[in-house]
Every structure is written in structure tokens, then in C-alpha cells.
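# Examining the three-dimensional arrangement
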Amino acid sequence: MDTQAILDSLDLVAERSDDPAPQVYERLFARYPETEALFVGDKRGAARGQMLRQATETLLDHLGPNIYAANFLKAELRNHDDIGVPGDIFPRFYQAMAEAFADILGEDWTPDMQAAWNDLTAQVEQIVQGEPQTI
């Protein structure tokens, strides 16, 4: 996986968007409409923002020291299962992030960024399915 392409995309998104959460969740809800009901009490978007922050921090750990990312994803998978969130949502959340970031960056979104985010999504899928990671 091209770690630098993901880091570059995150840097550019941070420069161009004060809060990418609305775009990320718009993508997620379009793909998985049943998930929107889980946020009915999140009127101001605080929970969504917090979840995006945690997903980004987990991503950065996975790309860097990889101290806790896999365990955190597995724990959150169980926590979310308790409220009826299907396990396949986790990798799709990172896919929704990539799609929203691609929209934000427009022409500056590169094929290398897309490939790196595709690889990341596949790795998250391996983690949540309990498969050995191929990093």
C-alpha cells in the first residue's frame, strides 16, 4: 500500500475542508440507508465527527506504528454489532471516506490515492473478518 498517497490525501483534505464528516456520512448513508437511523439522536453531528476522528486515528496507527488499529477495529466491530451495525460496514466506511475525499480534492485526487485507499479498505476487511493481514 502506498502510505504516502493516503497521507497526502489526508493533508490535502485538511487544507480544503474544515469538516469532511458531512460528505463522508452522505456517502455512507447513500450506500447503506439503514445506518442513517442509527444517528437519529446526533442532531449536531458530534457523534459522526467523533467517529470520523477515531477512524482517521485508527488509520494513522495502522499506517504507522500499528500498535492498536487491528484490536480497536475488532472491538468496535463487536460494539457496533450490539446495536445492529453489520460488520461489512467497517471497510465500507473507509470506502465512503475515500469517495468523499475524492470529491473534496477533485482533480487533485490521484490514481495512486485511489489505489492506496482501495488497498486500505481491503486490509480493514481482512482485519474485521479475522483473516491474516497482508501488509
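The preceding data block contains the structure.
These remarks concern the structure in this document. (Residues numbered from 1 in each chain as written. Predicted model: local features only at pLDDT ≥ 70, side-chain atom pairs only at ≥ 80, totals over all residues. Heavy atoms only, no water.)

### Focus: the layout of surface pockets
Within this model, the largest pocket holds a volume of roughly 350 Å³. Residue lining of the largest pocket: 19 residues in total, with Tyr25, Met51, His80, Phe90 and Phe93 positioned closest to the centre. When residues of the lining of the largest pocket are traced back to their parent elements, those giving at least two are helix 2 (21–31), helix 3 (46–63), helix 4 (69–81) and helix 5 (89–105). (1 Å grid on protein atoms, 1.4 Å probe; cavity = no way out; pocket = protein on both sides within 12 Å on 5 of 7 lines; lining within 4 Å. Points joined across faces, edges and corners; volume = space filled by probe spheres on them. Helix = DSSP H or I, 4+ residues; strand = E, 2+ residues; numbered from the N terminus.)

### Quick word on unusual backbone geometry
A positive phi angle, near 50°, is found at Asn66, a position not held by glycine. On the secondary structure map, Asn66 appears in the loop between helix 3 and helix 4.

### Considerations on the side chain of Asp61
Residue position: Asp61 is located in helix 3. Although Asp61 is buried, it forms no salt bridge, and the closest oppositely charged side chain is Lys74 at an N-O distance of 12 Å. Only 3.0 Å separates the side chain of Asp61 from the backbone nitrogen of Ile67, close enough to count as a polar contact. (Buried < 20%, exposed > 50% of the residue type's maximum accessible area, 1.4 Å probe, protein only. Lys, Arg positive; Asp, Glu negative; His and termini not counted. Salt bridge = Lys/Arg side-chain N within 4 Å of Asp/Glu carboxyl O. Polar contact = N/O pair within 3.5 Å; in protein donor to acceptor, adjacent residues only side chain to side chain.)

### Looking at the environment of Glu34
Following the sequence through the fold, Glu34 ends up in the loop between helix 2 and helix 3. Separated by 51 residues in the primary sequence, Glu34 and Val85 have C-alpha atoms spaced 9.0 Å apart.

### Here's the deal with helix 5
With 17 residues, helix 5 extends 24 Å from end C-alpha to end C-alpha; this agrees with the ideal 24 Å at 1.5 Å per step. In terms of residue burial, helix 5 counts as a mostly covered element, since 15 of its 17 residues are buried. Taken from the residues just after helix 5, Gly106 is the one with a positive phi, measuring 55°. (Expected span 1.5 Å × (residues − 1).)

These figures come from the coordinates and say nothing about function on their own.
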